[in-house]
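Structural overview
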Amino acid sequence: MKKDLISITDFSKEEYLRIMELAADFEQNPNQNLLKGKVVASLFFEPSTRTRLSFETAISRLGGRIVGFADPGSSSATKGETLHDTIKMVSNYADVIVMRHPLEGAARYAAEVSDIPVINAGDGANQHPTQTLLDLYSIQKTQGTLDNINLFMVGDLKYGRTVHSLLQAMSEFENPIFNFIAPPVLQMPRAYKHHLDDKGIRYFEHEEFTDIISEADIIYMTRVQKERFSDPIEYEKVKNIYILNNAMLENTKPNVRILHPLPRVNEIATDVDANPKAYYFEQALNGVYTREAIIAHLLNLK
Ligand code: CP
């Protein structure tokens, strides 16, 4: 039976740990010919730099070939072809589909239509499970554990799909604490807070974080998702609400690390880039090894 990765909850905690183990192996030895003779379809209906290019790098390092598009404007979607028909066709051509789409639920629908595994590379404001697996790998590498992590999530917690998936994954580990820092209009959706309530996990909500930043193990900054706002005036009100700078990191834990799924706009001042606590560019590199691991796991290659 085929296996998809649409929501982070499609994988168990044991599978998260298996992905971490495989990613560490690929980091040591990235070029492994496991995808020789296989074709991966990369369908990006929404812009991407890191996710698409790190997937394509991962596939190349595994010896596979890639077909697809980075711009739906070059596909027959512009002629009115439905997602159903596109996926039906592509699943005849390839061995696995990687898809990003602006609509929440589009990836789940694609998985239902497809005869081959589908990997969700981000669906609207919903989920970004492959980002979460590379985030877990980054947390484990920098903290030495995924247990007892005090995780600060900062910025657009309403539309930011990466924080939704990450919250669910981290809630599987021992004793996490979540601090949500967001303006009232961008707070973590209620469904995710209920998920924590159901598991008895502590979380705190704030509008400012300068007084409490010293407690953080991980500060996960996010971009305000301009493309998800229906009213541009509402975006203008919150677009620069949190800007992390070097001075703010002075009294933080020695081992705190700053993560950001990227792209950044203004949320992290460039003076932070040279600070050893900044980890976002290494985090993006971890995406290659983690995506090699995800493909190997879903296709049972190792
Ligand atoms: N983190 C992430 O999804 O980046 P891209 O939008 O560039 O793929």
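1. Concerning the overall build of the protein chain
The number of helices and strands found in the protein chain is 9 helices and 9 strands. For the protein chain, the spread of C-alpha atoms along the principal axes amounts to about 55 × 45 × 40 Å. For the protein chain, buried positions account for 56% of its 302 residues. Long-range pairs, those at least 24 residues apart, make up 74% of the contacts in the protein chain between residues at least 6 apart in sequence. When the accessible surface of the protein chain is summed, it comes to about 13000 Å², and 48% of that surface belongs to carbon and sulfur atoms.

2. Structural notes on the packing of aromatic side chains
By the definition in use, this model includes 8 aromatic pairs. With a centroid separation of 5.7 Å and an interplanar angle of 35°, the aromatic rings of Phe-180 and Tyr-203 are classed as tilted. With Phe-180 in strand 6 (residues 177–181) and Tyr-203 in strand 7 (residues 202–206), this residue pair connects regions lying 23 residues apart in the sequence. Taking the centre distance of 6.0 Å and the plane angle of 80° together, the rings of Phe-209 and Tyr-242 count as edge-to-face. Residue Phe-209 is found in the loop between strand 7 and strand 8 (218–221), and its partner Tyr-242 is found in the loop between helix 8 (232–238) and strand 9 (257–259); the two are separated by 33 residues along the sequence. For Phe-209, a relative accessible area of 3% translates into the label buried.

3. Concerning the domain arrangement of the protein chain
By the assigned domains, the protein chain splits into domain 1 (8–127 + 287–298) and domain 2 (129–284). If you average the C-alpha positions of domain 1 and of domain 2, the two centres end up 25 Å apart. On the domain 2 side, the residues contacting the 31 residues of domain 1 number 25 residues. Across the domain 1 to domain 2 interface the summed buried area is about 2400 Å²; carbon plus sulfur atoms make up 59%. By the criterion of area lost to domain 2, the three top residues of domain 1 are Ile-8, Met-20 and Arg-50, representing 26% of everything that side buries.

4. A look at the packing of helix 5 (residues 129–143) against helix 6 (residues 161–170)
Viewed as axis vectors pointing N to C, helix 5 and helix 6 meet at an angle of 55°, and their least axial separation amounts to 8 Å. By the angle class used here, helix 5 and helix 6 are oblique. Helix 6 is crossed by helix 5, and the crossing has right-handed handedness. From helix 5, Pro-129, Gln-131, Thr-132, Asp-135, Leu-136 and Ile-139 reach across to helix 6, where they touch Thr-162, Ser-165, Leu-166, Ala-169 and Met-170.

5. Examining the pairing of strand 8
Burial along strand 8 is two-sided: Ile-218 and Tyr-220 facing one way and Ile-219 and Met-221 facing the other are all buried. Bridging between strand 5 (residues 150–154) and strand 8 involves 4 bridges; their strand directions are parallel. Each residue of the ladder has a partner; that of Met-153, found in strand 8, is Tyr-220.

6. Structural notes on the sheet that holds strand 4 (residues 118–123)
Strand order across the open sheet formed by 4 strands is 2-1-3-4, with parallel pairing between neighbours. Edge positions in the sheet fall to strand 2 (65–69) and strand 4, since each of these pairs with one other strand and no more. Averaged over all pairs of adjacent strands, the angle between strand axes in this sheet comes to 15°, irrespective of strand direction. Across 5 bridges, strand 1 (residues 39–44) lies against strand 2 in parallel orientation. Directly across from Val-39, in strand 2, lies its bridge partner Arg-65.

7. Structural notes on the nonpolar core
The biggest cluster of nonpolar side chains holds 53 residues, and the ones touching the most others in it are Leu-133, Leu-136, Leu-151, Met-153, Met-170 and Phe-178. Looking at which element gives the most residues to this core, the answer is helix 9 (residues 280–298), with 7 residues. Discounting chain neighbours no more than four positions away, the residues touching Leu-151 are Leu-166, Met-170, Ile-177, Phe-178, Asn-179, Ile-218 and Tyr-220. Core analysis: the next-biggest nonpolar cluster, separate from the first, contains 20 residues, Ile-219, Leu-249, Leu-262 and Ala-278 among them.

8. Here we look at helix 9
Between its first and last C-alpha, helix 9 extends 26 Å over 19 residues, near the 27 Å set by a 1.5 Å rise per residue. The axis of helix 9 is deflected most strongly, by about 25°, at Val-288. Burial of helix 9 is extensive: 15 of the 19 residues sit out of reach of the surface. Within two residues after helix 9, Asn-300 carries a phi angle of roughly 55°, on the positive side.

Definitions and cut-offs
- Residues numbered from 1 in each chain as written.
- Predicted model: local features only at pLDDT ≥ 70, side-chain atom pairs only at ≥ 80, totals over all residues.
- Heavy atoms only, no water.
- Helix = DSSP H or I, 4+ residues; strand = E, 2+ residues; numbered from the N terminus.
- Buried < 20%, exposed > 50% of the residue type's maximum accessible area, 1.4 Å probe, protein only.
- Contact = heavy atoms within 4.5 Å.
- Areas by Shrake-Rupley, 256 points an atom, 1.4 Å probe, with all protein chains shown as cover.
- Phe/Tyr/Trp six-rings, centres within 6.5 Å; stacked < 30°, edge-to-face > 60°.
- Domains from an automatic or database assignment.
- Buried area = accessible area lost by both parts, 1.4 Å probe.
- Axes fitted to C-alpha atoms, helices over the stretch in contact; angles between N-to-C directions.
- Parallel < 35°, antiparallel > 145°, perpendicular 65-115°, else oblique.
- Left-handed = near helix turned anticlockwise from the far one by under 90°.
- Pairing = 2+ DSSP bridges.
- Core = buried A, V, L, I, M, F, W, Y, C linked by side-chain atoms within 4.5 Å.
- Expected span 1.5 Å × (residues − 1).
- Bend = angle between axes of the 7 residues up to and from the residue.

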